[in-house]
Structures are given as structure tokens and as C-alpha cells.
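Coordinates in review
Residues per chain, in single letters:
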Amino acid sequence: MSRSILDLVRQRTVLLDGAMGTELMARGLPQGTCPESWNVEKPAVVEEIHRRYFEAGSDVVSTNSFGGSRIKLAGHGLEGRTAELNLAAARLARVVTPAGRYVAGSMGPTGKFLKPQGEFAEGEFEAVFAEQARALADGGADVLLIETQYDLREALCALRGARRSSPLSVFVTMTFNAVPRGYFTLMGDTVARCMQELEKEGARAVGANCTLNSEQMTGLVKAMRQETRLPLIAQANAGQPVLGSDGRVSYSQGLEDYVRFVPDLIRAGANIVGGCCGTSPAYIRAMAESISRRTA
Amino acid sequence: MKKEDLYLQMKKAIVEGDGAGAGRLAGEAVKAGLDLLEVIEKGYVPGIQKVGELWEQGEYFLPELISSAEAMKAAMAVLNPELQRSRLQARTAGKVVIGTIEGDIHDIGKNLVSSMLQAGGFEVFDLGADVKLERFIEKAESVGADFICLSALLTTTMVNQKRLVALLRERNLRDRYKVLVGGAPASQRWADEAGADGYAENAVAAVKLAKSLAPKR
């Protein structure tokens with residue numbers, strides 16, 4: 001068996017990729033179109049984005065399947081193609097992945113709530129995530145990355161589902177808001193509770209993504225590091241989106257400022273770093289340089 | 001039970017998100033022949049205000065907001081038919097047409113704003129997600145709305161908020177409605193840029209903003 005991502009984490013900081021959705025849009029994904037549909041309709045475009053991230057220095061790319069759960073796909077009327085779109089997502093990433101690099105099967109939130117806030121039972125969520133995980137594993141993902149979770153209960157359903165239906169290691173990132181009393185998910189889950197429960201349920205790496213910029217993320221990584229010894233993932237946003245007068249969107253934290261905090265993230269305890277909203281292959285390239293300077 | 005104690009219990013039921021309790025207390029108020037408009041104003045509204053404060057202080061989160069908004073609904077479900085029977089109407093803060101903008105299927109934030117506006121006394125017409133611009137205007141015209149509230153989670157769909165404002169202008173309807181925008185990528189700066197009347201960062205702030213802009217009746 002070749003070296004796994006977890007082996008690599010023990011040796012050095014591992015670099016993930018950056019945003020996918022904005023890259024697809026920059027290549028013509030029409031507004032309102034399901035991004036996952038391009039895994040089948042325009043696989044070459046998705047492959048090119050993965051390739052660009054590998055060229056920039058990513059050790060791991062995450063598949064174009066963030067919204068690939070049956071429940072989320074149903075918003076586009078594509079729930080009947082769940083297995084097909086996820087399988088394709090993993091396969092096309094696999095094809096462009098060089099030796100010694102990895103594919104993480106991305107699984108985002110359903111966008112719906114569990115009872116009592118919503119209509120769904122935990123068993124239903126678990127089955128939906130199990131289905132997605134199976135297809136990603138069949139398509140050749142090396143690990144599963146459950147991302148951007150704002151509800152610990154949903155994250156645990158995803159984790160259980162993923163572990164039930166595939167033999168792959170499962171990583172989980174939650175998304176936290178900074179409020180006056182500390183970091184909390186939308187549902188009010190604390191950092192301590194998230195880290196502890198995810199670890200107990202068998203996550204092999206845990207962490208946070210989205211919402212916070214790289215400076216704010218540093219504080220959060222410190223807080224997470226106090227709660228777990230698992231490898232920690234940190235994928236910050238490049239600040240807040242700002243719409244220019246030319247109608248183009250940029251992010252408030254520019255590339256240089258974003259990357260400036262990468263050494264701090266690592267010092268605070270992050271083992272696996274990457275980008276989130278507002279980041280691009282250029283950000284990843286600069287992060288790769290920052291990391292190699294650090295180890296050099 | 002003294003009226004004041006009943007009001008305190010009503011407030012507590014809302015703060016604790018106790019829908020069954022909120023409904024039961026409303027029933028007691030009806031049976032006791034109390035002034036139901038006063039019951040709403042002095043019993044339930046202070047509860048939802050307290051919930052807003054707890055949210056702002058970072059004590060309450062989305063589940064608590066939803067439970068409290070549901071408790072408010074349970075109380076109003078008992079009180080509204082009684083008010084109608086006596087040809088009264090709960091004081092409405094204004095009529096709101098709300099939805100997630102065309103091209104965007106994200107509805108968690110929008111649903112929360114919709115619930116909180118309802119709990120805050122607005123009459124809300126929720127059009128759901130991925131709502132065509134045309135549909136917002138049709139609905140607002142047909143119900144005589146005061147507000148059109150637009151949600152967007154994506155930077156790419158957010159631009160449709162601006163298009164809606166432009167469409168209103170084109171039809172000489174701009175002055176008829178207050179247009180409020182929200183969603184993760186939105187900001188005050190964006191609201192200004194889009195020509196909207198306001199922006200709110202979260203559901204509690206949205207209720208405050210709408211109240212501050214509501215027509216004086």
C-alpha cells in the first residue's frame with residue numbers, strides 16, 4: 001500500500017485546493033446550473049480546474065461534488081442522477097491526479113434541517129450521505145471530505161453514512177461564526193463539542209472552512225487545537241465578496257494578506273491547509289511557496 | 001391568574017420556544033375575555049424581542065430562533081381567529097414579499113428571515129427559492145406589499161437583486177416598495193450599489209430594519 005494522506009500529514013503540512021464554484025463560473029457555468037452536472041456535461045472543464053490546482057502545488061484536490069447529495073441535487077431536479085454525477089466527479093479527478101497526490105471526495109451540507117427545525121430524520125440524512133460516499137469511493141476518491149457543516153448533528157450523520165458505505169478515511173470540516181462569546185456554528189455547536197463528537201464518531205481529521213478569513217481562522221485553529229490531537233484542517237475564505245463597479249466580484253482580503261497568515265495557521269496547529277471562497281490556483285500557488293519557505 | 005402574570009408566562013413561553021405553552025396561554029387569554037391586542041403587545045411581543053436580544057448577545061442560535069418563531073405562530077394561530085370573530089385585526093407591521101432570487105436555490109437564511117418577520121408582526125408572503133424577478137413584482141402588486149425582501153447566497157446570483165431594482169424603476173414602481181437585500185455576500189455597500197433601501201446581516205437585524213422603514217399607519 002502506498003503512502004496515504006495521513007502518512008503525509010505526519011511528515012509535513014499538506015496543501016488542499018481552493019474554490020471550485022467560482023472557477024467553473026469563470027469558465028462559463030451559467031447561473032442556476034447545477035455545478036455537479038458538468039462532471040458529465042463538461043468533464044474537460046472540471047479536469048482542467050483540478051489540473052490547475054495540482055500545478056499550483058495542491059497535494060489534494062476535492063471533487064466537484066459539494067452539492068452532490070440526493071437532497072441538494074433535488075433542488076435542480078437531478079436527484080435521479082446522484083450516483084452518476086458523484087461517480088463522474090471522482091473519476092475525472094482521479095484521471096488527472098499525479099502519483100503521490102490525492103483525491104478527496106467532497107460532501108457538502110444538504111441545505112435542509114433535521115427535525116425539529118426541519119423535516120428530515122437522522123436516518124434519512126445518513127442514508128443520503130452513505131449513497132454519495134459510496135459513489136465517490138467507487139469513482140476512486142482516496143478520502144472523503146465532509147465540508148462546510150453548520151450543524152454538528154448533520155455532520156455526524158454524514159460521517160456515519162460515509163463510514164458505513166465506504167472503507168475510506170473520512171475528514172470533516174465545520175464552519176464557525178465568530179460571535180462575542182467565541183466560535184459557534186449556525187446551530188450553536190461549540191468548537192469543543194464538534195471536535196470531541198467528530199473524533200468519537202471516527203473522523204480521521206477535523207477542522208474548519210469558509211466564513212472566516214485567514215486571520216480570523218488562525219484564532220479558530222488555536223481553539224480547535226486545544227480540543228483534539230487529530231490532524232487539523234483549515235480552509236479560510238479570502239474575506240468577504242465585494243462587487244466592483246464593473247460588476248466583477250473580488251474578495252476583501254487580497255492574496256497577499258490572505259497568504260500572510262498561512263505560517264500563523266500552521267503554527268497554531270493546522271496540518272492540512274487550503275482555500276475556500278474567493279481563492280483560486282494563484283492563492284494555492286502562493287500558499288505552496290509560503291509552506292515550502294517555512295520548511296526550507 | 002393575574003393579567004400581568006399571564007403576560008410574563010407568555011413571554012417565557014416564547015423565549016423558551018414552548019409552542020404548546022404559548023398556544024395554551026393564548027387559549028386562557030381568550031377564555032378570560034382579555035383584550036387580545038393587548039395580550040399580543042404585552043404578552044408575546046416582549047418575548048420575541050427578548051429572543052432577538054439573546055441572539056444578538058450570542059446566547060441564542062438558529063434552533064432557538066426557529067423554536068421561538070414557531071411558538072409565536074402557535075399563539076397567533078389561537079388568537080387570530082378570535083380577533084377576526086370580533087372584527088379586529090392584529091396590528092400588522094407591514095406586508096412583505098420575500099424570496100431567494102432567481103438562479104439561487106439556497107433558502108435557509110431566507111426561511112429564517114421569513115419566520116422572524118412573521119413573528120415580528122409582518123404579514124409575509126414567502127415565494128420560496130429561485131424566484132423569477134417577474135414573480136416578485138406580480139406578487140407585490142397583487143397583495144399591495146410594503147416590502148420586497150431578496151435573498152442570495154451566491155455572488156453570481158446577488159447581481160439579480162440589482163436587476164430587480166432596475167426592473168421596478170423601468171416600470172415606475174420603484175417608489176411603491178421598500179427593497180431589502182440580504183444573504184452571505186450582501187453588505188450595506190452592496191445595498192447602496194444595487195439601489196436597495198436597506199441591508200440586514202441577519203434575521204434579527206432584518207426585523208429591526210423592516211420596522212424602522214415600515215409605513216406609519
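Residues numbered from 1 in each chain as written. Chains lettered and ligands numbered in written order. Predicted model: local features only at pLDDT ≥ 70, side-chain atom pairs only at ≥ 80, totals over all residues.

**Points about the overall build of chain A**
Applicable threshold: Strands here are runs of E lasting at least two residues and helices are runs of H or I lasting at least four, both read from the DSSP assignment and numbered beginning at the N terminus. Note on method: radius of gyration uses C-alpha positions; expected globular size equals 2.2 Å times residues raised to 0.38. Exposure classes come from backbone-placed C-beta atoms, where a residue is buried if 20 or more other C-beta atoms lie within 10 Å of its own, exposed if 12 or fewer do, and partly exposed in between. Throughout, a pair of residues is in contact if the C-beta atoms placed from their backbones lie within 7 Å.
The secondary structure content of chain A amounts to 13 helices and twelve strands. Its C-alpha atoms give chain A a radius of gyration of 18 Å, near enough to 19 Å, the size a compact globule of 296 residues would have. Along the three orthogonal principal directions, the C-alpha set of chain A runs to about 50 × 45 × 40 Å. Taken over 296 residues, chain A has a buried fraction of 56%. Within chain A, contacts between residues at least 6 apart in sequence are counted, and of these 79% link residues at least 24 apart.

**A short note on the overall build of chain B**
Within chain B, the secondary structure is distributed over nine helices and five strands. For chain B, the succession of helices and strands along the chain, N to C, is α-α-α-α-β-α-β-α-β-α-β-α-β-α. For 217 residues, the compact-globule estimate of 2.2 N^0.38 gives 17 Å, and chain B sits close to it at 18 Å. In terms of principal-axis extent, the alpha carbons of chain B reach across some 55 × 40 × 25 Å. Considering chain B as a whole, with its 217 residues, one finds that 53% of them fall into the buried category. Put simply, of all contacts in chain B between residues at least 6 apart along the chain, 74% involve residues at least 24 apart.

**Comments concerning the sheet that holds strand S2 (residues 123-126) of chain B**
All names here are of chain B. The condition is simple: Two strands qualify as a pair provided that DSSP identifies no fewer than 2 bridges between them. Fitting a line to C-alpha atoms yields each axis, with helices limited to the stretch in contact; the angle taken between N-to-C directions then spans 0 to 180 degrees.
Spatial ordering of the open sheet is given by S2-S1-S3-S4-S5, a layout of five strands whose pairing is parallel. Of all the strands in the sheet, the pair left with one neighbour each is S2 and strand S5 (198-199). Bridge count for strand S3 (residues 147-151) against strand S4 (residues 178-182) is five bridges, and the pairing is parallel. Within S4, the position partnered with Phe-147 by the bridge is Lys-178. Each of strand S1 (95-100), S2 and S3 is contacted by helix H6 (residues 133-143), which is oriented at about 165 degrees to S1, the strand it contacts most.

**So, the domain arrangement of chain B**
Residue and element names in this part refer to chain B. Quick reminder of the rule: Where each domain starts and ends follows an automatic or database-derived domain assignment. Throughout this entry, Asp, Glu, Lys and Arg are counted as charged residues, while Ala, Val, Leu, Ile, Met, Phe, Trp, Tyr, Cys and Pro are counted as nonpolar. The remaining residues, Gly among them, count as polar.
One can read the domain layout of chain B as domain 1 (3-85) and domain 2 (95-213). Each of domain 1 and domain 2 was reduced to a C-alpha centroid, and the two centroids are 26 Å apart. Facing the eleven residues of domain 1 at the interface are nine residues of domain 2. Residue assignment for the side of domain 1 that touches domain 2 shows that the elements contributing at least two residues are helix H3 (36-56) and helix H4 (62-85). The element contributing the most residues to the side of domain 1 that touches domain 2 is H4, with seven residues. Residues that form the side of domain 1 that touches domain 2 fall into these classes: seven nonpolar, two polar and two charged.

**Points about the confidence of the model for chain B**
One rule of thumb: low pLDDT means the predicted coordinates there are not for detailed reading. Cut-off, in case you're wondering: The pLDDT score gives, residue by residue, the confidence of the prediction method on a 0 to 100 scale.
On average, residues of chain B score 94 in pLDDT, and 100% of them reach the 70 mark or higher. Overall fold confidence for the complex sits at a pTM of 0.91, while the interface term, ipTM, reaches 0.85.

**Overview of H6(B)**
Residue and element names in this part refer to chain B. Heads up, the condition is: Each C-beta atom gives one direction from the helix axis, and the arc is the one those directions make.
Within H6, burial applies to Phe-136, Ile-137 and Ala-140. When H6 is viewed along its axis, its buried side chains cluster within an angular range of 90 degrees and face the same direction. For H6, exposure combined with an orientation more than 90 degrees from the buried face picks out Glu-134 and Ser-142. Of the surrounding secondary structure, the elements contacted by the buried residues of H6 are S1, S3 and helix H7 (155-170). A positive backbone phi angle near 70 degrees is found at Gly-144, which sits one or two residues after H6.

**Description of the interface of chain B and chain A**
Residue-level contacts link 19 residues of chain B with 18 residues of chain A. When contributions to the side of chain B that touches chain A are tallied by element, the ones reaching two or more residues are H4, H7 and helix H8 (188-194) of chain B. With four residues, H7(B) is the largest single contributor of residues to the side of chain B that touches chain A. The residue inventory of the side of chain B that touches chain A, partitioned by class, reads nine nonpolar, eight polar and two charged.

**Considering the sheet that holds strand S9 (residues 232-237) of chain A**
All names here are of chain A. Reading across the sheet, the eight strands line up as S1-S12-S9-S8-S5-S4-S3-S2 and stay open at both edges, with parallel pairing between neighbours. Either end of the sheet is taken by a strand with one partner, and the two such strands are strand S1 (14-15) and strand S2 (60-62). Relative to strand S3 (residues 102-107), S2 runs parallel, the two sharing three bridges. Opposite Ser-62, over in S3, you have Ala-104 as the bridge partner. Packed on one face of the sheet, helix H7 (residues 122-138) meets S3 and strand S4 (143-149) and runs near 160 degrees to S3. The strands touched by helix H8 (residues 152-165) within the sheet are S3, S4 and strand S5 (169-174), with S4 carrying the most contacts at an inclination of about 170 degrees.

**Some details on helix H2 (residues 19-31) of chain B**
Residues and elements named next belong to chain B. Basically, it comes down to this: Expected span, for any helix, means 1.5 Å times one less than how many residues it has.
Taking 1.5 Å of rise per residue, the 13 residues of H2 would be expected to cover 18 Å, and the 18 Å separating its terminal C-alpha atoms lies within 8% of that figure. Buried-residue contacts for H2 involve helix H1 (3-15), H3 and H4. The positive-phi residue at the C-terminal boundary of H2 is Gly-33, with phi of around 70 degrees.

**Here's the deal with the pairing of S5(A)**
Residues and elements named next belong to chain A. How we decide: Throughout, right-handed denotes a crossover for which the path from the first strand over the helix to the second runs clockwise when the strands point away from the viewer.
Burial analysis of S5 places five of its six residues in the buried class, the great majority of the element. As paired elements, S4 and S5 share five bridges and run parallel to each other. Its bridge partner being in S5, Leu-144 is matched across the sheet by Val-170. Read from S4 through H8 to S5, the crossover connection turns out right-handed. Note: S5 against strand S8 (residues 205-213), four bridges, orientation parallel. Its bridge partner lying in S8, Phe-171 is registered against Ala-205.

**Side note on unusual backbone geometry**
In this chain, Lys115(A) is followed by Pro116(A) through a cis amide linkage whose omega measures 5 degrees. Relative to the helices and strands, Pro116(A) is located in the loop between S3 and H7. Despite not being glycine, Thr211(A) has its phi angle at roughly 65 degrees, a positive value. With respect to the secondary-structure elements, Thr211(A) resides in strand S8. At Asn172(B), a position not held by glycine, the phi torsion is positive, near 60 degrees. Residue placement: Asn172(B) occurs in the loop between H7 and S4. On the basis of neighbour count, Asn172(B) is assigned to the exposed category, with 8 C-beta atoms found within 10 Å.

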